[in-house]
Amino acid sequence: MPNRITSFDEYKREYQRSVENPEAFWAAKADAFQWKQKWDKVLEWNFTEPDVKWFLNGKLNITENCLDRHLKDKGDQQAIIWEPNNPDEKFRTLTYKELHAEVCRFANVLKNNGAKKGDRICIYMPMVPELAIAVLACARIGAIHSVVFGGFSFQSLADRIHDASCSLVITADGGFRGAKDIALKSIVDEALLQCDSVKKVIVLKRTNTAVIMKPDRDLWWHDEIQKVNDDCAAEVMDSEDELFILYTSGSTGKPKGVVHSSGGYMVYTAYTFENVFQYNQGDVYWCTADIGWVTGHSYLVYGPLLCGATTLMFEGIPTFPDAGRFWNVIDKHKVNIFYTAPTAIRSLEAMGLDFVKPYKLNSLRVLGTVGEPINEEAWQWYHKNIGKEKCPIVDTWWQTETGGIMISPLAGITKTKPSFATLPLPGIQPVLVDEKGNEIVGNNVEGRLCIKFPWPAIIRTTYGNHQRCFENYFSQFKNLYFTGDGCRRDEDGYYRITGRVDDVIKVSGHLLGTAEIENAINEHPDIVESAVVGFPHDIKGWGIYAFVIPEHQRSDTDQLKKEIIETVSKYMGAIAKPDKIQIVKGLPKTRSGKIMRRILRKIAEGEMSNLGDTSTLLDPSVVEEIKTGAIK
Ligand code: WT7
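Residues numbered from 1 in each chain as written. Predicted model: local features only at pLDDT ≥ 70, side-chain atom pairs only at ≥ 80, totals over all residues. Heavy atoms only, no water.

Help me out: how do you make sense of a negative patch on the surface in this one?
On the surface, Glu98, Glu102, Asp230 and Asp231 cluster together to form a negatively charged patch. Along the chain, Glu102 turns up in helix α4 (residues 96–112). (Patch = residues over 30% accessible without salt bridge, like charges linked within 9 Å, V, L, I, M, F, W, Y side chains within 5 Å. Areas by Shrake-Rupley, 256 points an atom, 1.4 Å probe, with all protein chains shown as cover. Salt bridge = Lys/Arg side-chain N within 4 Å of Asp/Glu carboxyl O. Lys, Arg positive; Asp, Glu negative; His and termini not counted. Charge placed at Lys NZ, Arg CZ, Asp CG, Glu CD. Helix = DSSP H or I, 4+ residues; strand = E, 2+ residues; numbered from the N terminus.)

Structure follows, in structure tokens:
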């Protein structure tokens, strides 16, 4: 493959080139794709508005590059291998030819139901092949997909549908996750009570759960698919036309709709997929992320398909029917490259080696991690017991906003160091800055991680509110993209991400805004105010600690806590359930009414003695009360 780096010297040369002449560097990468019209300028940018454009006036459709382009040589090769939640159900495969036909058919279904270029379509589905088909069908017709993770509940779903004024929702009757069966359609029904932009809901039958179909609005996937053929020309998209919106949590209660565009995202996800994982034709590649997260977008669907890979999609969870499921699936489908989250590794490690021993795992060649820092112990366990000390581990650092992997080893090429994401990929120029924005040069230093030059998959805007994009990422430090992460650069120039420096927490690899969780808690009728902070958690990385003020004293505190957990699950989703709830009379506030989270964080971490300066508090006595009642 023309864009493939094969040695560390070549990496260094490529990196050098990418920094000296980024335009020429990326133009050469983009040349490998099928464009309907070539771009006339590679890059225009400033980080002050911000305004970044790649491959200006280039015309393309990303699905032609994911599908049509491969039909001649790889039509009969497997594009998707789908492994169901229940191991007794038969797995499914789709060749490139079959996937192409399914995508075209469903694209025609969307068109039949009034969808057109630029419309926003919300996808709220379980991990079945139809989810990937729905995503690609949107891209085929130029509709902007907004996938919402199936673990989010009705309020989170409603907020996301509402923010993008989606006109159509694609969902399923339900979804299987382990022993559970989640009634997705009824959650959609509840969300849509708040969203009048939605004209049509297309429902896939998956669990046979009873659903109520609203006349004139709700349609069955299997009925609609009968009405169309598999001929659907790809919409002509400008490089900078929006491809998708994906919501991510921020410091305020309202999630941000991160917008990615077509051309740059295509070039970047394909280039990084091929190089980071060192994908060889014929390899079976498995990314365990849900398509509801950016990892699923970039490295389960787009990146692999752009490279003509075989991508495995798994409907279930790592512990069903038992904690050996991942290893079982690896042997069953002879997986060569396996990409998962540190939290999954830690939880499987905790279950013991008896779940690993029955499996050979000898097809594995490359292992990857993503989503949060991996601690050295989990890295070693993964390396020894899963990789049998033969598979390089790529610890890939990136974000929803970056669209693709930014700092990572290239498998087998970059020397790894446990818990380090190692070195920037070609085209990525990281800098560390202090609180004032002064660049910290040299090695063996620590600071806030920023990027000083655009890469093709950089966030273009936050949907409907460009100012917010500026404020969130480009306003803190002049002419820099600020990641929100703290980072160390060691004596070898290797990067190690130390974690978030803002009011979001990474819980089991999921980014959750503390304000969003507080809003959900406050939906409980007896709660007047709450404050949420993170605390270090052995398996999840970070756990959720909630301080809550009830309206009146309730003697049944255990019951109240249970209700709070149920409220959060109902409004936001089970992923946001607090691990610890402390009932308090007041919160530490400044005279201007701002909660001093720094103090709460220290208490949640069990660091009672060194709370720092509390003299600016309105009522310092509340701190004593909170300290006394703190939950270990
Ligand atoms: C945040 C972004 C990356 C796609 C999925 C998550 C943390 C991500 C690593 C890593 C240490 C990591 C950062 C980042 N993070 N990868 N390899 N090592 N931390 O995307 O939900 O937008 O979260 O995840 O804190 O800012 P996301």
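From this point, the narrative continues.
Explanation requested: the nonpolar core in the structure shown.
Side chains that are nonpolar tend, in soluble globular proteins, to be buried together. Phe106, Leu110 and Tyr302 are the most contacted members of the largest nonpolar core, which has 169 residues in total. Top contributing element to this core by residue count: helix α5 (residues 129–141), with ten residues. No fewer than three residues from each of domain 1 (8–487) and domain 2 (508–629) sit in this core. With residues near it in sequence (within four places) discarded, Leu110 still touches Ala115, Ile121, Ala137, Cys138, Ile141, Leu168, Ile170 and Ile202. By size, the runner-up hydrophobic cluster in this structure holds 27 residues, among which are Val284, Ala378, Trp381 and Cys391. (Core = buried A, V, L, I, M, F, W, Y, C linked by side-chain atoms within 4.5 Å. Buried < 20%, exposed > 50% of the residue type's maximum accessible area, 1.4 Å probe, protein only. Domains from an automatic or database assignment. Contact = heavy atoms within 4.5 Å.)

Could you clarify how one ought to interpret the packing of aromatic side chains in this entry?
Two numbers describe a pair of aromatic rings. These are the distance of the centres and the angle of the planes. On inspection of all chains with the given rule, the structure shows 41 aromatic pairs. For the ring pair Phe277 and Tyr285, a centre distance of 5.3 Å and an interplane angle of 65° mean the geometry is edge-to-face. Accessibility expressed as a relative area gives 0% for Tyr285, which makes it buried. Between Phe277 and Tyr299 the ring centres are 6.2 Å apart and the planes differ by 65°, which places this aromatic pair in the edge-to-face class. Note that Phe277 is positioned in helix α9 (residues 262–277) and Tyr299 in helix α10 (residues 294–306), a separation of 22 residues in sequence. Take Phe277: its relative accessible area is 0%, and that puts it in the buried class. The rings of Trp45, Phe47, Phe453, Trp455, Tyr473, Phe474 and Tyr481 are connected pair by pair, giving a single aromatic cluster. (Phe/Tyr/Trp six-rings, centres within 6.5 Å; stacked < 30°, edge-to-face > 60°.)

Can you help me understand the pattern of salt bridges in this one?
If the charged atoms of two oppositely charged side chains come close together, the side chains can form a pair. Across all of its chains, the model carries 44 salt bridges by this definition. Note that Arg460 and Glu240 form a salt bridge whose closest N and O atoms lie 2.9 Å from each other. Note that Arg460 is positioned in the loop between β22 (445–451) and β23 (461–462) and Glu240 in the loop between β13 (237–238) and β14 (242–248), a separation of 220 residues in sequence. An identical accessibility class is assigned to Arg460 and Glu240; each is buried.

Explanation requested: the domain arrangement of the protein in the structure shown.
Much of the literature gives interface size as the accessible area that the parts lose upon coming together. As assigned here, the protein comprises domain 1 (8–487) and domain 2 (508–629). Taking the mean C-alpha position of each, domain 1 and domain 2 sit 32 Å from one another. With 23 residues of domain 1 at the interface, the matching set in domain 2 holds 20 residues. Summed over the shared surface of domain 1 and domain 2, the result is one salt bridge. Counting the contacts that link domain 1 with domain 2 gives eleven residue pairs in polar contact (both at pLDDT 80 or more). Among the elements of the structure, α6 (154–163) and α12 (342–351) are those that each provide at least two residues to the side of domain 1 that touches domain 2. A per-class count over the side of domain 1 that touches domain 2 returns six nonpolar, 13 polar and four charged. (Polar contact = N/O pair within 3.5 Å; in protein donor to acceptor, adjacent residues only side chain to side chain. Nonpolar A, V, L, I, M, F, W, Y, C, P; charged D, E, K, R; others polar.)

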